[in-house]
2 protein chains.
Amino acid sequence: MAQKPSIPKGTRDFSPVEMAKRNYIFNTIRDVYALYGYRQIETPAMENLSTLMGKYGEEGDKLLFKILNSGDFVAKTTDEELLGRNSIRLTNKFCEKGLRYDLTVPFARYVVQHREELQLPFKRYQIQPVWRADRPQKGRYREFYQCDADVVGSDSLLNEVELVQIIDEVFSRFGIRVCIKINNRKILAGIAEIIGAPDKIVDITVAIDKLDKIGLDNVNAELLAGGLSQESVEKLQPILTLSGSNEEKLESIAHVLADSETGLKGVEEVKFVLGEVADARPHNEVELDLTLARGLNYYTGCIFEVKALDVQIGSITGGGRYDNLTGIFGMPGLSGVGISFGADRIYDVLNQLELYPEDAVGGCRILFINFGLREAKQCMAYARKLRTEGISAEVYPDSVKMKKQMSYANAHGVPYVALVGENEIKEGKLMLKDMVSGNQQLVSIEEVVELLNKS
Amino acid sequence: MAQKPSIPKGTRDFSPVEMAKRNYIFNTIRDVYALYGYRQIETPAMENLSTLMGKYGEEGDKLLFKILNSGDFVAKTTDEELLGRNSIRLTNKFCEKGLRYDLTVPFARYVVQHREELQLPFKRYQIQPVWRADRPQKGRYREFYQCDADVVGSDSLLNEVELVQIIDEVFSRFGIRVCIKINNRKILAGIAEIIGAPDKIVDITVAIDKLDKIGLDNVNAELLAGGLSQESVEKLQPILTLSGSNEEKLESIAHVLADSETGLKGVEEVKFVLGEVADARPHNEVELDLTLARGLNYYTGCIFEVKALDVQIGSITGGGRYDNLTGIFGMPGLSGVGISFGADRIYDVLNQLELYPEDAVGGCRILFINFGLREAKQCMAYARKLRTEGISAEVYPDSVKMKKQMSYANAHGVPYVALVGENEIKEGKLMLKDMVSGNQQLVSIEEVVELLNKS
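Conventions we followed
- Residues numbered from 1 in each chain as written.
- Chains lettered and ligands numbered in written order.
- Predicted model: local features only at pLDDT ≥ 70, side-chain atom pairs only at ≥ 80, totals over all residues.
- Heavy atoms only, no water.
- UniProt positions renumbered as here; feature names shortened; annotations may be inferred.
- Contact = heavy atoms within 4.5 Å.
- Buried area = accessible area lost by both parts, 1.4 Å probe.
- Salt bridge = Lys/Arg side-chain N within 4 Å of Asp/Glu carboxyl O.
- Nonpolar A, V, L, I, M, F, W, Y, C, P; charged D, E, K, R; others polar.
- Helix = DSSP H or I, 4+ residues; strand = E, 2+ residues; numbered from the N terminus.
- Least-squares fit on C-alpha atoms with pLDDT ≥ 70 in both.
- Buried < 20%, exposed > 50% of the residue type's maximum accessible area, 1.4 Å probe, protein only.
- Polar contact = N/O pair within 3.5 Å; in protein donor to acceptor, adjacent residues only side chain to side chain.
- Axes fitted to C-alpha atoms, helices over the stretch in contact; angles between N-to-C directions.
- Parallel < 35°, antiparallel > 145°, perpendicular 65-115°, else oblique.
- Left-handed = near helix turned anticlockwise from the far one by under 90°.

- An unreviewed UniProt entry lists chain A under the name Histidine--tRNA ligase, with Pseudoprevotella muciniphila as the source organism.
- Among the UniProt annotations of chain A, the heading Sequence similarities (unreviewed entry) holds the following wording: "Belongs to the class-II aminoacyl-tRNA synthetase family."
- Per UniProt, chain A carries the Catalytic activity (unreviewed entry) text "tRNA(His) + L-histidine + ATP = L-histidyl-tRNA(His) + AMP + diphosphate + H(+)".

Here it is, written out as structure tokens:
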């Protein structure tokens, strides 16, 4: 046999069982998004490189998968350019399109491109794969799904409240215990202001983001190395070591930020969101966490992140408010807020905790054993009857050994097997075998319908 | 404002309403596939070019979208090769991956790659986009979805019978009247044999395939030009002008093909499939059509095609049996049969005939008008209550002018709007407006639940 074919590294095939589990995840998220009035859109896998380049930083540009132009793609390149061997410059010559890197930039592009058709506020969700030429490693893939919901064109904090409620509802449906963490970029900006280093906000948030991973001492060292004064770093300490209830934390922060208008605005926003969320009695813990900064610099207001409580894994959902996402496409002044569920990590968590409901991964309900053409014809008629009742049914297509057919039923987790031989046909009945208990009973097709509709 | 951003030609954005319609199509097909025991898989968008190249003919190779290798993609190319400017050779140097062109080749690759995990027969369905660098034109896109079901590892004709039943059921659910056409490659091979030109089968099927489009005279001319003798072309005439019921046609053909073992085998196969399908009383017409040949040369047995009766459009579904699909990956002897629904054309047909059920395209069920923060808080509580009852509900996030909020409700086709002002809060009620009739009534939230669950 020839060499086994394979797929590109960092990509995956999904088997029927894996697909059933993934569909359970996507459908749960989709259902909750729809309950809150978010509406689905889809954008093409390929975007113009002019849409994608420069939106994810220099590193991001490198991680974009580029599509070679069709036809004579070298025609417009001079000999000198070819021999210059500058891969970035040649990429620009050879490629006009790339695969989408996330759902956020295509969404911003969508909003600007279709602005005349859109009724604002626009609440959309989008569940599609994205591609990144990252080095593949455990839990990191070159093709993976994102499940985003965003609302643009509304400044109201009620959106933030609802998004936290959506997160809470989704994880409650999954049965995954989580802590929903919330922070606000304005608080971080206020802190930078108070310690007299407003231009250092990016450095500070990046450093704070690492607090969990590298510890307080290393964060302090990084801040100093980044050019903050010893005095500023000291001022930061009470903020970094804050504790107590959300209310207590907010009070302390408001105290520290008394002189920063921006900072106090951030405190107010978080207070409102936390208060409204608490009033609705969420299933999960919702916590103010100042160390939460998220890498993305386009956030301008509240930011969210979700940690699973019973599994060691990174953030499984994140999001926040951004005030100028469509500005990159020439449409300024449109505020938005959104969240993104990490389907692959949620998949890992559900697997590890074995939280899939039984009917989420089940396939066909009943398999008819094939004893030969005459019997199979009768089985086909029975199967059709079951399907009109909404019961999925299969007839084994070939009249091979019973053992092989039963092993097929077992491999697919089919709960019932029907045996229809000469005698059963004579009696107008079928022998129904419960594959879990092993019990057999002679029943009519109507009784099968009743039994399978109940179970 | 900067230049409006755009998307690559031949690709599309799907708006919420379009997505709702597309989901209705995909879900209908998915439901029927699952009822028949087909199980979903997904494969990556990118495949190794070694998997894709050479599988779709020379023209197909050109239509593959190729992905530029990451990093210094020119490193392994010599100056001479660069200056040779041979775009095909350079593509091989610069690219290792491509976007999938259909779902059939990736499925064959999947079966061979995972053969140790698979329990044959393997009945799989797959609903994913494919990409082709075709010249875009009306109804032809560079990114479009295919909805395939195939079973491999079973020679039984019962599979063909079930696939025709699946087609019949899907179009019956859509409410699209169709004619399901069926033919068999063995009949075509028998014909070639009888007229003494067994090596001309490809030419003959390609020519017959054009009968509808260019007429009998031109087909005859093409056959002569292709090297068939005048005598052979004459022998073909009764076959091309066949008429009557399926049974009558089969009888005439069996007569003509009396000396061809292969041909008679084909007649037997079609007879069996048509007979079984007829016994189950299909919703749609099922017709033997000898002019049906389909372009794809890998079919070896029955072939299917579906024509819509009430709309002028090409084939909206097709398929057939192939006996050696996995042979291209070194795994010979595995027979398969499958079908593929053309989602984009079905979408056009449903639009043209206005066949979408009302609830397929509906969004949110009720919108709460926002009269200010205090009222909105009450509305948020009401909305949560409705959502726990499975009713999708939105609170307009900003307390803007009533007119703007009502126009939002209209634009989204929201059937009910709830008004909760100071008075309503005092009474513990809400004013419910039916957006179709315009009627308003003062009701409790429990009454809203009851009313929306019923409607």
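## Details of the interface of chain A and chain B
In step 1: Taken residue by residue, the interface counts 108 residues in chain A and 108 residues in chain B.
In step 2: A buried area of about 9300 Å², summed over both sides, lies between chain A and chain B, and 59% of it is on carbon and sulfur atoms.
In step 3: Across the salt bridge formed by Glu276(B) and Lys377(A), the nearest N and O atoms sit 2.8 Å from each other.
In step 4: The residue inventory of the side of chain A that touches chain B, partitioned by class, reads 53 nonpolar, 29 polar and 26 charged.

## As for the pattern of salt bridges
In step 1: Summed over all chains, the structure comprises 43 salt bridges over all chains.
In step 2: In this structure, the salt-bridge partner of Arg173(B) is Glu169(B), at a minimum N-O distance of 2.8 Å. Of this pair, Arg173(B) and Glu169(B) both sit in helix α7 (residues 158–174), four residues apart, which is roughly one turn of that helix.
In step 3: Between Lys186(B) and Glu269(B) there is a salt bridge, with the nearest N and O atoms lying 2.8 Å from each other. With Lys186(B) in helix α8 (residues 185–194) and Glu269(B) in helix α13 (residues 261–279), the pair connects residues that are 83 residues apart, well separated along the chain.
In step 4: Three or more residues joined by partner-sharing salt bridges are found here, namely Lys123(A), Glu162(A), Arg387(B) and Glu394(B).

## With respect to the relation of the copies chain A and chain B
In step 1: Rotating chain A by 180° and translating it 0.0 Å along the rotation axis places it on chain B, where the RMSD comes to 0.1 Å. Taken together, the rotation angle and the small translation identify this as a two-fold axis. Identified as the residue of chain A closest to the rotation axis by C-alpha distance is Ile67(A), at 2.3 Å.
In step 2: In this assembly, 100% of the residues forming the interface of chain A have copies in chain B that are likewise at the interface, indicating an isologous arrangement.

## Some remarks on α8(B)
Residues and elements named next belong to chain B.
In step 1: Among the ten residues of α8, seven are classified as buried, and the element is accordingly described as predominantly covered.
In step 2: Taken residue by residue, α8 has Arg185, Lys186, Ile187, Leu188, Gly190, Ile191 and Ala192 as its buried positions.
In step 3: Measuring from the backbone nitrogen of Lys186 back to the side-chain oxygen at the start of α8 gives 2.8 Å, which picks out Asn184 as the cap.
In step 4: Positive phi appears at Gly196, one or two residues downstream of α8, with a value of about 75°.

## Thoughts on unusual backbone geometry
In step 1: Of note, the amide linkage connecting Leu120(A) to Pro121(A) takes the cis form, showing an omega dihedral of -5°.
In step 2: Summarising the element assignment, Pro121(A) is placed in the loop between α6 (104–113) and β5 (122–131).

## Description of the packing of helix α12 (residues 246–256) of chain B against α13(B)
All names here are of chain B.
In step 1: Relative to each other, α12 and α13 sit at 170°, their axes nearing to 10 Å. One element, α12, and the other, α13, form an angle in the roughly antiparallel class. Crossing of α12 over α13 shows left-handed handedness. Taken together, the residues of α13 that come into contact with α12 (itself represented by Asn246, Leu250, Ile253 and Ala254) are Leu264, Val267, Val270, Lys271 and Leu274.
In step 2: A per-class count over the contact of α12 with α13 returns seven nonpolar, one polar and one charged.

## A few points about the UniProt feature "binding site: L-histidine" (unreviewed entry) in chain A
Residues and elements named next belong to chain A.
In step 1: As recorded in UniProt, the sites labelled "binding site: L-histidine" (unreviewed entry) are Asp102, Leu103, Thr104, Arg132, Gln146, Asp150, Arg294, Tyr298 and Tyr299.
In step 2: Structurally, Asp102 can be placed in the loop between β4 (95–99) and α6.
In step 3: By relative accessible area, Asp102 is classed as buried at 8%.
In step 4: In this view, Asp102 contacts Tyr56, Val130, Arg132 and Gln146; residues no more than four positions away in its chain are not counted.
In step 5: Of the polar contacts made by the side chain of Asp102, one reaches the side chain of Tyr56; its length is 2.6 Å.
In step 6: Residue placement: Tyr298 occurs in the loop between β8 (285–288) and β9 (299–308).
In step 7: Filtering out sequence-adjacent residues up to four positions away, Tyr298 remains in contact with Thr104, Arg321, Tyr322, Asp323 and Leu325.

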